[in-house]
Amino acid sequence: MADVVSVTGFILSSMPVGDYDRRVVILSRELGKIAAFAKGARRPNSHLIGVTRPFIFGTFEVYRGRDSYTIQKANVTNYFEELVSDLDGVLYGYYFAELAEYYGRVNLLYVAFKALVNKSLPNELVRYIYEIRLIAVNGECPDFFSCAGCGSEKELQLYSYKENGMYCVECAASSGDGIVLQSSTLYTLQYIITAPLTKLFNFVVKADVLNELKKVVNRIEFITFDKHFKSKEML
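Thresholds, definitions, all that
- Every chain begins its residue count from 1, and numbering advances along the sequence as written.
- Thresholds applied to this predicted model are a pLDDT of at least 70 for local features of residues and 80 or more for the giving and counting of side-chain atom pairs; totals over whole chains, interfaces and linings are not thresholded and use all residues.
- Side-chain metrics in this entry use all non-hydrogen atoms of the structure; hydrogen atoms and water are not considered.
- By the criteria applied, helices consist of DSSP H or I runs no shorter than four residues and strands consist of E runs no shorter than two, each listed in order from the N terminus.
- Relative accessibility thresholds used throughout: buried, under 20% of the residue-type maximum; exposed, over 50%; partly exposed, between the two (1.4 Å probe, protein chains only).
- Any two residues whose heavy atoms approach within 4.5 Å at even a single point are treated as in contact.
- The protein chains shown are the only cover counted for residues, whose accessible areas, like all others here, come from Shrake-Rupley with a 1.4 Å probe.
- Charge counting treats Lys and Arg as positive and Asp and Glu as negative, with His and both chain ends excluded.
- All charge positions are set by atom: Lys at NZ, Arg at CZ, Asp at CG, Glu at CD.
- In this analysis the probe radius is 1.4 Å and the grid spacing 1 Å, with only protein atoms considered; a cavity is a set of points the probe fits into but cannot get out of, a pocket is an open set with protein on both sides within 12 Å along at least five of seven lines, and lining residues have an atom within 4 Å of a point.
- Grid points are joined across faces, edges and corners, and a volume is the space filled by probe spheres set on the points.
- Note on residue classes: Ala, Val, Leu, Ile, Met, Phe, Trp, Tyr, Cys and Pro are nonpolar, Asp, Glu, Lys and Arg are charged, and everything else, Gly too, is polar.
- Multiplying one less than the number of residues by 1.5 Å gives the expected span of a helix.
- This arc is built from the directions going out from the helix axis to the C-beta atoms.
- Salt bridges, as used here, are contacts in which a Lys or Arg side-chain nitrogen is within 4 Å of a carboxyl oxygen on Asp or Glu.
- Two strands are said to pair when DSSP picks up at least two bridges between them.
- Inter-axis angles, ranging from 0 to 180 degrees, are taken between N-to-C directions of lines fitted to C-alpha atoms, where helices are fitted over the stretch in contact.
- Put simply, buried Ala, Val, Leu, Ile, Met, Phe, Trp, Tyr and Cys residues joined by side-chain atoms within 4.5 Å make one nonpolar core.

Enquirer: Sorry if this is basic, but what is going on with the overall build of the protein here?
Expert: Helix and strand counts for the protein stand at seven helices and eight strands. If you line up the protein on its principal axes, its C-alpha atoms span 70 × 35 × 30 Å. Within the span of the protein, comprising 235 residues, buried residues form 48% of the whole. The contacts in the protein between residues at least 6 apart in sequence include a share of 57% that link residues at least 24 apart. Accessible surface for the protein amounts to roughly 12,000 Å². Of this, 48% is attributable to carbon and sulfur atoms. For the protein, the distance from the average site of its 26 positive side-chain charges to the average site of its 26 negative ones is 6 Å.

Enquirer: Looking at this structure, I do not really get the layout of surface pockets. What am I missing?
Expert: To find leftover empty space, one rolls a probe the size of a water molecule over the atoms. By volume, the largest pocket is sized at about 180 Å³. Contributing elements (two or more residues each) for the lining of the largest pocket: β1 (4-17), α2 (87-103) and α7 (230-234). The biggest single contributor to the lining of the largest pocket is α2, with four residues. For the lining of the largest pocket, the residue count by class is three nonpolar, two polar and three charged.

Enquirer: Would you mind going over helix α6 (residues 207-224) with me for this structure?
Expert: Given 3.6 residues to a turn, an α-helix orients residues that are three or four positions apart in the same direction. Helix length check: α6, at 18 residues, gives a terminal C-alpha distance of 25 Å against a target of 26 Å (1.5 Å per residue), a fit within 8%. Every buried residue belonging to α6 is among Val 209, Leu 210, Glu 212, Leu 213, Val 216, Val 217, Ile 220, Glu 221 and Thr 224, and all of these are buried. With its buried residues spanning 165° around the axis, α6 presents them on a single face. Away from its buried face by more than 90 degrees, α6 exposes Ala 207 and Phe 222.

Enquirer: What is the right way to read the pattern of salt bridges from this model?
Expert: Between side chains of opposite charge, a pair can form when the charged atoms approach closely. Per the stated rule, a full pass over the model turns up four salt bridges. The salt bridge partner of Arg 53 is Glu 81, with a shortest N-O separation of 3.5 Å. In this pair, Arg 53 sits in the loop between β3 (32-38) and β4 (57-64) while Glu 81 sits in helix α1 (residues 81-84), placing the two residues 28 residues apart along the sequence. For Arg 53, a relative accessible area of 23% puts it in the partly exposed group. By relative accessible area, which is 44% here, Glu 81 ends up partly exposed.

Enquirer: Where do I start with the pairing of strand β2 (residues 21-28) in this structure?
Expert: Sheet faces and side chains relate simply in a regular strand, where the side chains alternate between the two faces. Examined bridge by bridge, β1 and β2 share eight bridges and lie antiparallel to one another. Note that in β2 the partner of Gly 9 across the bridge is Ser 28. If you look at the hairpin formed by β1 and β2, you'll find three residues sitting between the two strands, and Gly 18 has a positive phi there, around 65°. Direction of pairing for β2 relative to β3: antiparallel, over a ladder of seven bridges. If you follow Ser 28 over to β3, its bridge partner there is Gly 32. The antiparallel hairpin formed by β2 and β3 contains three residues in its connecting segment.

Enquirer: Can you help me understand the sheet that holds β3 in this one?
Expert: Overall, mixed pairing links the five strands, which are arranged β1-β2-β3-β5-β4 in a closed barrel. Recorded for the sheet is a direction-independent mean angle of 50° between the axes of neighbouring strands.

Enquirer: Hey, could you run me through helix α4 (residues 123-137) in this one?
Expert: Compared with the 21 Å implied by 1.5 Å per residue over 15 residues, the 21 Å span of α4 between its first and last C-alpha is a close match. A large share of α4 lies buried, amounting to 13 of its 15 residues. Note on α4: the residue one or two positions beyond its end, Gly 139, has a positive phi of about 80°.

Enquirer: What's the story with the nonpolar core in this structure? I'm lost.
Expert: Proteins that are soluble and globular tend to have nonpolar side chains buried together. Ranked by internal contacts, the top residues of the largest apolar core, which has 60 residues, are Phe 10, Phe 96, Tyr 130 and Phe 201. Here this core takes nine residues from helix α3 (residues 106-116), the largest share from any one element. Residues in contact with Tyr 130, not counting those within four places in the same chain, are Phe 96, Leu 99, Ala 100, Leu 108, Leu 109, Ala 112 and Phe 201. Val 24, Val 51, Ile 56 and Phe 60 belong to the second-largest nonpolar core, a separate cluster that totals 16 residues.

As structure tokens, this is what we get:
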């Protein structure tokens with residue numbers, strides 16, 4: 001048998017194979033995204049029966065075959081039971097997982113899932129925070145700290161749809177179409193980009209700020225994403 005390695009990560013998807021097996025996709029810290037088979041996981045007495053569904057986070061002992069891995073043992077850290085029992089939460093979870101599969105960011109996915117099960121945080125806000133931070137980590141987020149026209153860091157006011165960046169009051173007139181952001185919205189965007197993961201999902205915003213975040217995020221995604229996310233349609 002090949003050497004067994006231990007990986008920590010999320011099960012992004014799971015599907016039945018044959019009579020008793022399952023094939024799962026794991027996004028791991030150590031190996032990135034891998035496909036793995038859980039042999040006999042659908043048998044009633046299998047030790048893998050409860051640890052091979054989507055949204056499970058834990059440590060998996062796997063060994064490599066020709067085209068995929070095989071799970072030998074699993075130690076679950078979080079089942080996210082609160083999430084899987086909530087339809088809206090499940091839809092957001094699948095979208096988050098699909099984004100994570102695209103970007104390969106398991107740590108951010110974990111804290112985002114923790115935020116989803118926090119009922120004091122609106123799912124919509126969690127989504128925008130997650131999307132912006134993913135794009136920022138990948139180096140594709142616009143500069144929300146200085147003017148795209150003159151470089152000034154003061155009196156930033158307008159997010160330009162055309163230029164995908166911020167403009168100060170003086171340069172805004174020449175920037176084309178866009179949206180004038182409240183100072184609290186701009187601060188929120190700056191915070192999302194720079195905050196440590198442990199503090200990323202520790203705030204709420206008013207409805208008008210959330211609406212401005214939505215407009216900015218939608219534009220950034222239109223420019224940035226080159227993939228169609230099926231789970232986003234369900235949202």
